Amino acid sequence: MSGTIATGGPARKRGLRWWAWTLIVFGSLTVLAVPVVAVVGFLAYVGHSLSETAPDQAFLTGPPQHPDAMTPLACPERCFGLDAADSMAVSAQDASQLSIGDERYGVGEFEPGTVAAVAPKVGEQWQEVGGDEECAFLPGNAPYFADGAHATSEDPISWVQTWQAGDEMMDIAARVFATTEEASRFMRDLHDRVAACPWQDLDVPAAGGLDTSLIQITAQAAIDVPDEVAAVGWVREGTPGARWRSYVWDLQRGNLVVQVRVLTDGRILEQDVAAFAELQADKLSELEPATP
């Protein structure tokens, strides 16, 4: 029997379409890119952290600070009390500018005191470990230790607020002077003491939580403050480590001095603290003086 076998057209090749191969290649590249990006990101983070905490982290440069306000607010008697200092407390949003988000102590959690009740004991401890008497403002978180171990002033002082994130910390404190002139004299004295205390070599291996007994004191460049506000800033630093740098700004308006202090391992930069201090200076300039 004879017949014809139909062979049909050429057989089609089996396989994936072109767009499927494109998706496969794209997906493979994406999978490979993930660990690469992660490694690059990690190295960038480490490099950033090391550069910030490096011992040669440069200070800001600029005009020298001036301890006198351009147009001082005259207070022949007290324009401000400790209640005004409480108004200098900051919110979590304000503190986040320094990457510090946990309020450790709030307004009113510490009882106010006086210079004479606190400064002598701290001043004596400072001198016992080898600190110079004229540099006795160094250990404190309130602007009164320039009076040292022989302080007899009854000026009220307060610890307004403390914020903390790990080893890094920011706190705000205040001192109420009797008059503008007394507060201005304090600022000029503090300014002179900072210049006279470039180094302190203490007799303990880890005084005040520092990593070394040798600490350096450096005046900060001037910040932009309102005309009624004076500002004196300085940096304390030792060997790199936890809280190896302490940035301090004393801000004065009338008879009130408010101190902002930031302790950091270097991740909070001086420019961040300077910007924060400027905001606090603006807030200080907006306080309403008491009417006679």
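Structure: see above.
We now turn to the structure provided with this report. (Residues numbered from 1 in each chain as written. Predicted model: local features only at pLDDT ≥ 70, side-chain atom pairs only at ≥ 80, totals over all residues. Heavy atoms only, no water.)

1. Overview of the pattern of salt bridges
One side chain can pair with another of opposite charge once the charged atoms of both are near each other.
Next up, step 1: Taken as a whole and assessed by the stated rule, the structure comprises 10 salt bridges.
Next up, step 2: For Arg 78, the salt bridge goes to Asp 155, with nearest N and O atoms at 3.9 Å. Taken together, the positions of Arg 78 in the loop between α1 (18-53) and α2 (82-86) and Asp 155 in the loop between α4 (115-128) and β3 (156-165) put the pair 77 residues apart, joining distant regions of the chain.
Next up, step 3: Ionic pairing is found between Arg 185 and Glu 181, a salt bridge with its closest N-O pair at 4.0 Å. Note that Arg 185 and Glu 181 are positioned in helix α5 (residues 180-196) at a spacing of four residues, about one turn of the helix.
Next up, step 4: With a relative accessible area of 45%, Arg 185 lands in the partly exposed category.
Next up, step 5: Overlapping salt bridges, with partners in common, bring together Asp 68, Glu 181, Arg 185 and Arg 188 in one network. (Salt bridge = Lys/Arg side-chain N within 4 Å of Asp/Glu carboxyl O. Helix = DSSP H or I, 4+ residues; strand = E, 2+ residues; numbered from the N terminus. Buried < 20%, exposed > 50% of the residue type's maximum accessible area, 1.4 Å probe, protein only.)

2. Considerations on the pairing of β3
Two faces make up the sheet, and in a regular strand the side chains alternate between them.
Next up, step 1: By the criterion of burial, β3 is predominantly enclosed, with nine of the 10 residues buried.
Next up, step 2: Summarising the sheet, strand β1 (residues 102-105) and β3 pair through three bridges and their orientation is antiparallel. Across the sheet, the residue bridging to Asp 102 is Gln 164, located in β3.
Next up, step 3: Here two bridges tie strand β2 (residues 113-114) to β3, and the two strands are oriented antiparallel to one another. Looking at the pairing, Gly 113 lines up with Ile 157 of β3.
Next up, step 4: Sheet analysis places β3 next to strand β4 (residues 168-176), joined by eight bridges and oriented antiparallel. The residue bridging Ile 157 from the neighbouring strand is Arg 175, located in β4.
Next up, step 5: The hairpin turn running from β3 into β4, its antiparallel successor, is two residues long, and Gly 166 in that turn takes a positive phi close to 65°. (Pairing = 2+ DSSP bridges.)

3. Description of the state of the cysteines
Next up, step 1: Using the criterion set out here, one finds two disulfides in the structure.
Next up, step 2: Across the disulfide, Cys 135 is cross-linked to Cys 197 (sulfur-sulfur distance 1.8 Å). Negative torsions about the S-S bond denote left-handed disulfides, and the value of about -90° found for Cys 135 with Cys 197 makes this one left-handed. Residue Cys 135 is found in the loop between α4 and β3, and its partner Cys 197 is found in the loop between α5 and β5 (199-201); the two are separated by 62 residues along the sequence. Here Cys 135 and Cys 197 have matching classes, each one buried.
Next up, step 3: Taken in sequence order, the bonded cysteines of the protein chain link in the pattern 1-2, 3-4. (Disulfide = S-S within 2.5 Å.)

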